[in-house]
Amino acid sequence: LCDVNVAKIKYTTTNPEGNIIVASGFITYPMDIKEYDHILSIQHGTMDVDGGPTDQVFPIETIPVFNDEMVVMADLLGYGVSRTEDMKNTYMHAKTTGTACADMIQAARQYLATKKDLVFTADSTRLIGYSQGGQATIATLFELERRGLGEQISVVWAGAGPYDMTAFLEESIDNP
């Protein structure tokens, strides 16, 4: 294993009503890394309603950091600093989820650019998620493509996500 840097950051994004709000996430990377060629953006699955990634000491999804990965992870809206009495998890709201995760990737890049001891050698992003994180990964991919940043995406791993709720419901009704 290696020692890692962990930085919790706040950034702005858009809520379902279209208003600018503050959201949170974190970046973690090996302390001895001097250059990197990609960011690994991990979208988390459904978690305890009281805790997103920044509320945990070290989320299990960030284990790739021990394989020299630069890991970026957003609190989905309704978690972290965006959790308020009236802001619940935006489960299955693809536009909001994709926007929040894409904004976190942008905020991470801005944060990492301030680190004088790190050199970014390529503008590449890898996306990964499982369960709700799988759906969030696809939503993030679509949002980055909408922003004209699709060329930066080098890999997408989306597992076991609820991708098409209408098709799922129809299949469940037709084949109980």
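Scope of this entry: the structure provided in the associated data block. Model, not experiment: these values are computed from the prediction.

Cut-offs used in this document
Residues numbered from 1 in each chain as written. Predicted model: local features only at pLDDT ≥ 70, side-chain atom pairs only at ≥ 80, totals over all residues. Heavy atoms only, no water. Patch = residues over 30% accessible without salt bridge, like charges linked within 9 Å, V, L, I, M, F, W, Y side chains within 5 Å. Areas by Shrake-Rupley, 256 points an atom, 1.4 Å probe, with all protein chains shown as cover. Salt bridge = Lys/Arg side-chain N within 4 Å of Asp/Glu carboxyl O. Buried < 20%, exposed > 50% of the residue type's maximum accessible area, 1.4 Å probe, protein only. Helix = DSSP H or I, 4+ residues; strand = E, 2+ residues; numbered from the N terminus. Expected span 1.5 Å × (residues − 1). Contact = heavy atoms within 4.5 Å.

Some points on a nonpolar patch on the surface
Next, step 1: A cluster of nonpolar side chains, namely Val6, Val57, Phe58, Ile60, Ile63 and Phe66, defines an oily patch on the protein surface of about 590 Å² accessible area.
Next, step 2: Given a relative accessible area of 32%, phenylalanine 58 falls into the partly exposed group.

Remarks on helix α2 (residues 132-146)
Next, step 1: Taking 1.5 Å per residue, 15 residues should reach 21 Å; α2 reaches 21 Å between its end C-alpha atoms and fits that length.
Next, step 2: Counting buried residues in α2 gives eleven out of 15 residues, a clear majority hidden from the surface.
Next, step 3: Listing the buried residues of α2 in full gives Gln132, Gly133, Gly134, Gln135, Ala136, Thr137, Ala139, Thr140, Leu141, Glu143 and Leu144.
Next, step 4: Among the structural elements, β3 (35-43), α1 (94-113), β5 (119-130) and β6 (153-159) are those in contact with the buried residues of α2.
Next, step 5: Positive backbone phi, at 80°, marks glycine 148, one or two positions downstream of α2.

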